[in-house]
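Report on the structure
So you can see what is in the structure, the chains are spelled out below.
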Amino acid sequence: MSEPSPTDRAPRPLAGVRVLDLSRVLAGPWCGQLLADYGADVIKVERPGAGDDTRAWGPPWWQAPDGARTASYYLAANRGKRSVAADLASADGQALVRALAAEADVLIENYKVGQLAKYGLDHATLADLNPRLIYCSITGYGQDGPYAQRAGYDFAIQAQGGLMSITGEPGREPQKVGVAVADLMTGLYATTAILAALHEAKATGRGRHIDAALLDVQVAMLANQASGYLCSGRVPQRQGNAHPSIVPYQVFESADGHVVLAVGNDGQFERFCAVAGCAELAADSRYATNTERVRHRDELVPRLQQVMRQRTTAAWVEALEAAAVPCAPILDIGQVFADPHVVARGIARAADGAVPPAVLSPMRFDGRRAAAERPAPGLDADGDAIRAALARDGRWPGTDD
């Protein structure tokens, strides 16, 4: 019998955990999708008629064999969930959410601060109904502070949180990152907080109210740049693809394109110089250590650029990899999914009939990739079944006890 592929018999460490996902767009849905990949039963509550905003964010679209189409953006963040439509402004919709919350372990929402309290769906109300409920609120600016009532958008958060100030070429327009990293990282941070609260709840039987703010996450994401400022008082500036603390650690032109050179220590620099035919640079006291290379960046980098133009990208990658010097070609997304290592790792799932293609969870457990088997759901695709199950339990229609 052949060995199973990494995606066969996907691990489900969160099997038995029920998640109620009231969130839309990306940060909250990303959190819910991670939990679904780990085996949780995630019920996504959507607006009747329209559903999650991202259902309309196309093109590009995925078109199923039956002709139905779904925005690829929606597919990216909603794998593994069940969908039920409910109007939270209505008594019936509120009763449905309360009934689901009474049985849930986790609730994720990204409404404006105070909005769900108008419907009796805020943390305090639902915690009285279900004391073990872990209630995760994802907002742009958090539950308190002078900006708490502002809507949060990833682009604005990248700007206001400092990321754009250090992204892009010196003297040019500040740039955002090519994907919504503040949203994605907030989803990740929220997931880790939920998992911590689930662990605690096993011992205490009590839930938590998690306050996840995009701006807080963006500030935390500044990492070494923030630490550098706090330690030195110097405000980091845009340096293009260069690194503020390591040289050479940037993009260089090759004979036929570009190559990333990521020299992280002095031994790697010495080996690079040997391969590149410029051993004298490694012996020069101005460049022998990283501290000196950073200090003499403006002298060294142009000399290295002259050397790098002498070979093709492929030639550099082959030679430097053989010498254990970190480097890489710059691939477009099509090339990424054709890369033999990416293919071998099995992180991309091809379309299979009505199941759309997907990028799976990057996490493996005991060699097997965590991946929810369900594709992203159609709007209210599971509504009848969910209501019927609540009715069997005596919680529907509208009973909270």
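Parameters at a glance
- Residues numbered from 1 in each chain as written.
- Predicted model: local features only at pLDDT ≥ 70, side-chain atom pairs only at ≥ 80, totals over all residues.
- Heavy atoms only, no water.
- Salt bridge = Lys/Arg side-chain N within 4 Å of Asp/Glu carboxyl O.
- Helix = DSSP H or I, 4+ residues; strand = E, 2+ residues; numbered from the N terminus.
- Buried < 20%, exposed > 50% of the residue type's maximum accessible area, 1.4 Å probe, protein only.
- Core = buried A, V, L, I, M, F, W, Y, C linked by side-chain atoms within 4.5 Å.
- Contact = heavy atoms within 4.5 Å.
- Pairing = 2+ DSSP bridges.
- Axes fitted to C-alpha atoms, helices over the stretch in contact; angles between N-to-C directions.
- Parallel < 35°, antiparallel > 145°, perpendicular 65-115°, else oblique.
- Left-handed = near helix turned anticlockwise from the far one by under 90°.
- Nonpolar A, V, L, I, M, F, W, Y, C, P; charged D, E, K, R; others polar.
- pLDDT = per-residue confidence, 0-100.
- Expected span 1.5 Å × (residues − 1).
- Right-handed = clockwise from strand over helix to strand, strands pointing away.
- Arc of directions from axis to C-beta.

Once that is clear, we can look at the pattern of salt bridges. Evaluation of the coordinates by the stated rule reveals 18 salt bridges. The salt bridge involving Arg-18 is made with Asp-41; its shortest N-O contact spans 2.7 Å. Separated by 23 residues along the polypeptide, Arg-18 in strand S1 (residues 18-21) and Asp-41 in strand S2 (residues 41-46) bring together distant segments of the chain. By relative accessible area, which is 22% here, Arg-18 ends up partly exposed. Residue classification places Asp-41 among the partly exposed positions, given a relative accessible area of 24%.

Let's shift gears to the nonpolar core. In terms of nonpolar packing, the biggest core is built from 28 residues, with Val-19, Leu-35, Ile-108, Ile-138 and Ile-194 touching the most fellow members. Elements with a contribution of two residues or more to this core: helix H1 (27-37), strand S6 (106-109), strand S7 (134-139), helix H6 (181-204), strand S8 (209-213) and helix H7 (214-221). Broken down by element, this core gets its largest block of residues, five residues, from H6. Excluding its chain neighbours within four sequence positions, the residues that come into contact with Ile-194 are Cys-31, Leu-35, Val-106, Ile-108, Ile-134, Cys-136 and Ile-210. Ranked by size, the runner-up nonpolar core spans 24 residues in total, among them Phe-269, Phe-272, Val-301 and Leu-304.

Here we come to the sheet that holds strand S10 (residues 258-262). Across the sheet, which stays open at both edges, the three strands sit in the order S9-S10-S11 with antiparallel pairing between neighbours. Whereas interior strands pair on both sides, the edge strands pair on one side only; in this sheet they are strand S9 (249-253) and strand S11 (327-329). Direction aside, neighbouring strands of the sheet carry axes that sit 25° apart on average. Sheet analysis places S9 next to S10, joined by five bridges and oriented antiparallel. Bridge pairing links Phe-252 to Val-259 in S10. Contacts between helix H12 (residues 297-308) and the sheet are confined to S9 and S10, with S9 contributing the most and set at about 45° to the helix.

Spatially, S5-S2-S1-S6-S7-S8 is the arrangement adopted by the six strands of the open sheet, whose pairing is parallel. Edge positions in the sheet fall to strand S5 (81-85) and S8, since each has one partner strand and no second. Here the average twist between neighbouring strands, direction ignored, is 20°. Bridge count for S1 against S6 is three bridges, and the pairing is parallel. For Leu-20, the partnering residue across the bridge sits in S6 and is Leu-107.

Packing of helix H9 (residues 266-276) against H12 brings their axes to within 11 Å, and their N-to-C directions diverge by 40°. In terms of orientation, H9 lies oblique with respect to H12. Considering the relative orientation of H9 and H12, their crossing is left-handed. On H12, the residues touching Phe-269, Phe-272 and Ala-276 of H9 are Leu-300, Leu-304, Val-307 and Met-308. Taken together, the residues that form the contact of H9 with H12 break down as seven nonpolar, no polar and no charged.

Turning our eyes to something else, we now look at unusual backbone geometry. Residue Pro-60 is reached from Pro-59 by a cis peptide bond, and omega for that bond is 0°. Inspection of the secondary structure puts Pro-60 in the loop between S2 and strand S3 (61-63). A cis geometry characterises the amide bond from Val-247 onward to Pro-248, with omega recorded as -5°. When you line up the elements, Pro-248 lands in the loop between helix H8 (223-232) and S9. We note that Asp-380 has phi near 60°; this positive angle belongs to a residue other than glycine.

The share of residues in the protein with pLDDT of 70 or more is 97%, and the mean pLDDT across the chain is 94. Under a pLDDT of 50 for its full length, residues 1-7 has, in the predicted model, nine contacts with residues more than four places off or in other chains.

Moving on, we get to H6. Quick reminder: α-helices carry 3.6 residues per turn. Residues three or four places apart thus point the same way. In a regular helix each residue adds 1.5 Å, so 24 residues correspond to 34 Å; H6 covers 34 Å between its end C-alpha atoms and thus fits that length. Positive phi shows up at Gly-205, right after H6, with a value of about 70°.

The next subject is the pairing of S7. For S7, a buried count of six out of six residues is recorded, marking the element as mostly surrounded by other parts of the structure. Going residue by residue along S7, you find Ile-134, Cys-136 and Ile-138 tucked away on one face and Tyr-135, Ser-137 and Thr-139 tucked away on the opposite face as well. Assessed by its sense of winding, the connection that carries the chain from S6 through helix H4 (residues 123-129) to S7 is right-handed. Bridge count between S7 and S8: five bridges; the pairing is parallel. Directly across from Ser-137, in S8, lies its bridge partner Asp-211.

This part takes up H12. The terminal C-alpha atoms of H12 lie 16 Å apart, and with 12 residues this matches the ideal 16 Å at 1.5 Å per residue to within 8%. Every buried residue belonging to H12 is among Arg-297, Leu-300, Val-301, Leu-304, Gln-305, Val-307 and Met-308, and all of these are buried. Viewed end-on, H12 has its buried residues packed into an arc of 155°, placing them on one side of the element. Along H12, the residues that are exposed and aim more than 90 degrees away from the buried face are Asp-298 and Gln-306.

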